[in-house]
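# Residue-level structure breakdown
What follows is each chain in one-letter form.
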Number of protein chains: 2
Amino acid sequence: MSKEYTRLKDIAKIADVSIATVSLSLAGDPRVNINTKKNILEVARSLKYVPNEIGRSLRAKKAETIALVFPNTPHNAFSHPYFVHLLEGITEVLVQNSLQLLLSTSPTEMDETMAYEQILRNRRADGIILWPASIKDRNILNIIESAFPVVYLGKWPNEEVITVTRDDLGGAYVATKHLLNSGRKRIVHISGPLEYQVSIDRLEGYKRALAEHNMLYDSSLIIEKDFTMEAGYDAAIQLDHHKVEYDAIFAGNDLMAIGAMKSIQKLGKSIPKDVAVVGYDNIEMANLMDPTLTTIHHSMRQIGTVAAEKLISMLNFKKIVEKQTTVPMRLIIRDSCGAREI
Amino acid sequence: MSKEYTRLKDIAKIADVSIATVSLSLAGDPRVNINTKKNILEVARSLKYVPNEIGRSLRAKKAETIALVFPNTPHNAFSHPYFVHLLEGITEVLVQNSLQLLLSTSPTEMDETMAYEQILRNRRADGIILWPASIKDRNILNIIESAFPVVYLGKWPNEEVITVTRDDLGGAYVATKHLLNSGRKRIVHISGPLEYQVSIDRLEGYKRALAEHNMLYDSSLIIEKDFTMEAGYDAAIQLDHHKVEYDAIFAGNDLMAIGAMKSIQKLGKSIPKDVAVVGYDNIEMANLMDPTLTTIHHSMRQIGTVAAEKLISMLNFKKIVEKQTTVPMRLIIRDSCGAREI
DNA sequence: TAAATTTTTTAAAACGTTTTAATAAACCAA
DNA sequence: TTGGTTTATTAAAACGTTTTAAAAAATTTA
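Residues numbered from 1 in each chain as written. Chains lettered and ligands numbered in written order. Predicted model: local features only at pLDDT ≥ 70, side-chain atom pairs only at ≥ 80, totals over all residues.

Glancing now at the overall build of chain A. Along its length, chain A carries twelve helices and twelve strands. Over its C-alpha atoms chain A spans a radius of gyration of 27 Å, topping by over 25% the 20 Å that the globule rule assigns to 342 residues. When the backbone C-alpha atoms are referred to their principal axes, chain A occupies close to 90 × 40 × 40 Å. Counting only residues that meet the buried cut, chain A has 47% of its 342 residues in that class. For chain A, restricting intrachain contacts to residue pairs at least 6 apart in sequence, the fraction spanning at least 24 positions comes to 71%. (Helix = DSSP H or I, 4+ residues; strand = E, 2+ residues; numbered from the N terminus. Rg over C-alpha atoms; globule rule 2.2 N^0.38 Å. Buried ≥ 20, exposed ≤ 12 C-beta atoms within 10 Å, placed from the backbone. Contact = placed C-beta atoms within 7 Å.)

Given below as C-alpha cells:
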C-alpha cells in the first residue's frame, strides 16, 4: 500500500541534471537545451512520472479544484430530483478546464457558515458553488458577500453576488398564459408551501399572466399544498367538495399535478376536456402519464454549466458580464393541457 | 479575490512564540505549557485561523480525500438512476470520517487506465472507488490489481480485488421463486442485453429458481431486449403474436416491466389475474403504476457506505474481513404479482 | 551553589513543486 | 588572447505544515 512515487528528484538523479532543469523541461520551457530536454522527457516517461499535485498546489497557492458545497440537512441536494443533472453540467465544464470537483457536505454539528468558510479557507478548493439549504437561511451572508469566489445557486438580493437561478416566475407565467391562450377561464393554482421562494415566484408568475389577460385574481382558486402527490390528490378532492368551478389547473410541481390528475379522473372528469392540467419540473413520470403531462422544463444541467463557467471566470479574474443569470425555461406541451387538439 | 489567509507564522509572530509551538499547541500536544497554549489558541481564534490543508497534505503525504472515479463515456455514472444514492452513501461515511470526496471523470481523450492511475498518483486522493465503464472493459486490470487502494463496484474474477456489488443473481432468483410460489407455471423472462453481466446474472437467477422447482427451462419464454420501456411494450406484443402461453413475467428491469404491463393491459388481459408481473430495480414509478409493480430493490446507498468503509479500512491498513461483498436485495411485494390477494 | 533532572521552547528538516536570480558554459568579435 | 554576448544550467527560496532532536529554562536534588 505504501507505494513510492517518482519525484522530480528521481528523474534529476538519473538524467544527471538538476531538479530545476527537470521541472523546466517538463514545463516545456524554451531555455533548456533541446537534447537535454529530450533525454529528461525520456527518463520521465520511463519512470512513469506523474506530478504530485499537492506539491504543485502548495507552490502555486491554487488547488485547481472547485467545490460544490451543500448543507447536510435532511432535505439536502441529494434529495433533489435533478441534482445529478446539475452535477453533470458542472462536471462537463470542469473537465474542459482540467479542474477537479470536490463534493462537500458540511458536517451537521458545525454551523453552516463556518463550514463554507472552512472549505474555502483550507485551500482545498479555489472557489465554491453554493447550493443553499433553504432560502430562509441567510446566515451565509458574510461568506457570500465576501471576496471569496462563490457562485450562489438561487436568488440573492444583493446585486454584487454572483448567482445562477431558475426562472420560476417566468415559467409559471408561461404555463398560465398557455392555459389562458387555449381558452381556459378559471385556472386553479395548486401552490407549494408559500414559505419557499420558489412557491412565491410561481404564484407571482401565475398572477402576472392573469393580469395580462385582464382576469381577476380569485384567491379561492389558490390552494397551498406541500409538493407531494398525495397533496395534489387531496387538492382536487377539496375543490370538488367546495364545488369550485374551474376548467384548468396549474400545479406548483409535477407531483402535485399528477396527484390532482388522478383524483380528477376518479371523479369522472376528463383531462384535458373538462380540466386542463399543467405541471412544473418535467420529471420523468410526466411523460408516462395518461394523458401525458404538459409541464415546464428547467435545465439543471445548464445551471451547472453556467455556474461553473462563472466561477472559472472569477478564478481567472475575468470580468463577469452578467452577474445574475436566470437560465431560460421551456414549456413542454403534451396532452394534459389540450392544446395539441387544436 | 486574492485574499491573504492567516498562517501559523502569523499566529507565532503575534503570540511571540515559534511556529513549532503554535503547531504543537493547536494539535493539543501536552508538552507545551498550559498558559502559552491558552494564549496561542486565543490568538488563533481571533485571527480566524484555518489550517491550510494543502500544506498539511504535503507534509503528511496524505490528501484526506478519496475519489469516486468513473469514465466519461456516454452511458456513465450520471445516467444511472441510482447514482445519487450511491453518492449519498459514500458521503455519509466520509463525513463521519472527516474525509473529502473528489468526483473524477476521466477526460475522454485519455485512455481510462491512465486516467485512473493519474488520479491516484497525483496524490489528490488517497484511494479510489471505481465505477466501471462497462463490464467488458478489463483494461483497468493493472491498476485494479496493483497495490493502490481501490474498491471496485461490480464483480471481479480475481479474489484479491476488493469489490462491492449487487446480488443480481439472488434478486432474480427471489423474484422468480416468488412467482413460482404463488402458483405461476409459465414465467416469461424479458432479459436485458445478454452482453452485460447484469443480464447474465439475472437470467441465471431465473434459471436456478426454475430448477429448484423442477421446472424445465423453456428458451421460448426468454426475450432479450434493451432495458427500455418501449422494448418491454414490444416484448408483450411479440409474445401475443407468437401465441406464447404464459401466466407471469419477470422483467430484467422495471422499465421493461412497465412497458410490458401497458401492452398486456391494452391487449385486454388483467394484471395480476391473467399475468403476474415482477420487475427489477424499484424505480419510483414502480409504486405509481396501476397496479403497483412488485420488484426487487437494491440499496445503492448501502453499496456506497460499504465501499467507503472498505476503502477507509484499506487506507488505515486494516485487515479487510470480507474482500468481496454483495449487498443484500429485497423483494418488494406490491400488486402486480397477485400475491397480496392470497 | 552546583549538578541533575524535568519541563518548555525552538531551529531545522522534510514533503514536491516552481521560479528567480545567479552562475557556468559556449560562442563570437576584436 | 580578452572581453562581451548569448545560451544553458542550477542553487536556493518559497508555499504551509509537522515532527524530531537539540537547546534553553525552570525546577529539584545533593
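This brings us to the environment of lysine 38 of chain B. Topologically, lysine 38 of chain B is positioned in helix α3 (residues 34-46). Here the alpha-carbon distance between lysine 38 of chain B and isoleucine 222 of chain B, two residues 184 residues apart in the chain, equals 74 Å.

This brings us to the protein's contact with DNA strand D. In the vicinity of DNA strand D, 28 residues are found, and the nearest of them are Ser18, Ala20 and Asn33 of chain A together with Asn52 and Gly55 of chain B. Classifying every residue of the surface near DNA strand D gives 15 nonpolar, seven polar and six charged. (Near = placed C-beta within 6 Å. Nonpolar A, V, L, I, M, F, W, Y, C, P; charged D, E, K, R; others polar.)

So, on to the sheet that holds strand β11 (residues 324-327) of chain B. What the twelve strands build is an open sheet, ordered β11(A)-β5(A)-β4(A)-β3(A)-β1(A)-β2(A)-β2(B)-β1(B)-β3(B)-β4(B)-β5(B)-β11(B); its pairing is mixed. A strand with exactly one partner marks an edge of an open sheet, and here the two such strands are β11 (324-327) of chain A together with β11 of chain B. The average angle at which neighbouring strand axes cross in this sheet is 20°, direction not considered. Against the sheet, helix α5 (residues 83-96) of chain B contacts β2 (100-105) of chain A together with β1 (65-70), β2 (100-105) and β3 (127-130) of chain B, and its axis sits at roughly 145° relative to β2 of chain B. (Pairing = 2+ DSSP bridges. Axes fitted to C-alpha atoms, helices over the stretch in contact; angles between N-to-C directions.)

Before going further, it helps to examine the relation of the copies chain A and chain B. Two chain copies, one operation linking them: a rotation about an axis together with a shift along it. Once chain A has been moved 0.0 Å along the axis and rotated by 180°, it coincides with chain B to within an RMSD of 0.1 Å. The transformation relating the two chain copies, once decomposed into turn and shift, fits a two-fold axis. Closest approach to the rotation axis within chain A is made by the C-alpha atom of leucine 102 of chain A, at a distance of 2.2 Å. (Least-squares fit on C-alpha atoms with pLDDT ≥ 70 in both.)

Not every one of the 28 residues close to DNA strand C is listed here, only the nearest: Asn52, Gly55 and Arg59 of chain A together with Ser18 and Ala20 of chain B. Taken together, the elements giving at least two residues each to the surface near DNA strand C come down to α2 (19-26) and α4 (53-60) of chain A together with α2 (19-26) and α4 (53-60) of chain B.

Moving on, we come to the interface of chain A and chain B. Chain A puts 38 residues into the contact, and the matching count from chain B is 38 residues. Only α4, α5 (83-96), β2 and α6 (112-121) of chain A provide two or more residues apiece to the side of chain A that touches chain B. Taken together, the residues of the side of chain A that touches chain B break down into 22 nonpolar, ten polar and six charged. Pairing of β2 of chain A with β2 of chain B involves three bridges; the strand directions are antiparallel. If you follow leucine 102 of chain A over to β2 of chain B, its bridge partner there is leucine 102 of chain B.

The next point concerns the sheet that holds strand β9 (residues 276-278) of chain B. Residue and element names in this part refer to chain B. Read from one edge of the open sheet, four strands run β7-β6-β8-β9, paired in parallel fashion. Single-partner strands in this sheet number two, and they are β7 (222-224) and β9. Strand-to-strand twist in this sheet, taken as the mean axis angle between neighbours without regard to direction, amounts to 15°. Against the sheet, helix α9 (residues 197-212) contacts β6 (187-191) and β8 (248-251), and its axis sits at roughly 170° relative to β6. Strands β6, β8 and β9 of the sheet are contacted by helix α11 (residues 254-266), whose axis makes an angle of about 150° with β8.

Quick look at the packing of helix α1 (residues 8-15) of chain B against α3 of chain B now. All names here are of chain B. In the contact formed by α1 and α3, the axes pass within 9 Å of each other and the chain directions differ by 125°. In terms of orientation, α1 and α3 fall into the oblique class. Judged by the sense of rotation from one axis to the other, the crossing of α1 with α3 is right-handed. Listed contacts from α3 to Ile11, Ile14 and Ala15 of α1 are Asn39, Ile40, Val43 and Ala44. By residue class, the composition of the contact of α1 with α3 is six nonpolar, one polar and no charged. (Parallel < 35°, antiparallel > 145°, perpendicular 65-115°, else oblique. Left-handed = near helix turned anticlockwise from the far one by under 90°.)

By themselves these figures say nothing about function.
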